[in-house]
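Summary of the model geometry
So you can see what is in the structure, the chains are spelled out below.
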Amino acid sequence: MRTDAAYELLRQFTSPIVAVTSAWQGRTNGMILDSAVRASISPHVPRLSVYVHEWHFSHDLIWNSGKFCLHLLHQGQLDLVYRLGFKSGQDRDKLADIPHTLGQLGLPVLADRVAAFELEVVNTMDTGYSTLFLGHVRAVHPGEEKEILTPPWFRANMPKEWEPEWLANYRKAQDSIDGHTQIEDRRWTGPRVS
Ligand SMILES: Cc1cc2nc3c(=O)[nH]c(=O)nc-3n(C[C@H](O)[C@H](O)[C@H](O)COP(=O)(O)O)c2cc1C
């Protein structure tokens, strides 16, 4: 990865590390994010937003289905971060060996979680390299009350042998972003009919 003094300060704005699952036309998938933000302060309007890079398989599934399930994770789930966040699910079923059920919106809800939220997309914004999905919470699935997994904790505690792959993935994504800063007038207009 590449960094500098300003980027180290920007890194303070990451969210907890969360798992985002998705489903579309019989395929399911999961990825890892640290870009989830509460997007409303009203309990009557429960909303969250996430930034998903456009080259991820999850991006296609969320864009086409108009829904995603966000999971708060705990510190005992480093292995899940590796399984969902280091390789794409484009040509493998990443959830095959990860216990889960289907929730109210038909989305994979992971059994091991601090909490899970099923959301419907209500709007999007193109950044050039990613889409900001604004989601409205339609179902909440509480889990175990444990210490939340944060990026600083992940960086300090991930097994040393994962680091080269993590840094290489990071660098690859940074290079892709640098070449894709042209913002398009592209707005999500509703789920695609399957
Ligand atoms: C700690 C961590 C944080 C990440 N944060 C993001 C993020 O905010 N947005 C994003 O698009 N990808 C993020 N990723 C990368 C994706 O999780 C990863 O590339 C994943 O393999 C994509 O899977 P998919 O192609 O199956 O959707 C993160 C990965 C890790 C390990």
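Use the structure listed above.
Residues numbered from 1 in each chain as written. Predicted model: local features only at pLDDT ≥ 70, side-chain atom pairs only at ≥ 80, totals over all residues. Heavy atoms only, no water.

**Quick look at the nonpolar core**
By size, the foremost hydrophobic cluster in this structure holds 19 residues, and its most contacted members are Val 20, Val 50, Phe 68, Leu 70 and Phe 133. Contributing elements (two or more residues each) for this core: β1 (18-24), β2 (27-33), β4 (47-53), α2 (57-65), β5 (67-72), β8 (115-126) and β9 (130-142). Ranked by residue count, the leading element in this core is β8, at 4 residues. Membership of the second largest hydrophobic core comes to 18 residues, among which are Leu 84, Leu 95, Ile 98 and Tyr 170. (Core = buried A, V, L, I, M, F, W, Y, C linked by side-chain atoms within 4.5 Å. Buried < 20%, exposed > 50% of the residue type's maximum accessible area, 1.4 Å probe, protein only. Helix = DSSP H or I, 4+ residues; strand = E, 2+ residues; numbered from the N terminus.)

**Points about the side chain of Arg 113**
The residue Arg 113 is located in the loop between β7 (108-110) and β8 in this model. Of the side chains with opposite charge, Asp 112 lies nearest to the buried Arg 113, which makes no salt bridge, at 8.2 Å. A distance of 2.8 Å separates the side chain of Arg 113 from the backbone oxygen of Leu 110, its partner in a polar contact. Sequence-distant contacts of Arg 113, that is, excluding residues within four places in its chain, are made with His 71, Leu 72, Gln 77, His 141, Pro 142, Gly 143 and Glu 144. (Lys, Arg positive; Asp, Glu negative; His and termini not counted. Salt bridge = Lys/Arg side-chain N within 4 Å of Asp/Glu carboxyl O. Polar contact = N/O pair within 3.5 Å; in protein donor to acceptor, adjacent residues only side chain to side chain. Contact = heavy atoms within 4.5 Å.)

**Quick word on the pairing of β1**
When you tally the buried positions in β1, you get 7 out of 7 residues, the bulk of the element. Taking every second residue as pointing to the same face, both faces of β1 are buried, with Val 18, Val 20, Ser 22 and Trp 24 on one and Ala 19, Thr 21 and Ala 23 on the other. Where β1 and β2 come together, 7 bridges link them in antiparallel fashion. In the sheet register, Ala 19 faces β2, and the bridge partner there is Ile 32. Taken together, β1 and the strand that follows it, β2, pair antiparallel across an intervening segment of 2 residues, in which Gln 25 is found at a positive phi of about 50 degrees. (Pairing = 2+ DSSP bridges.)

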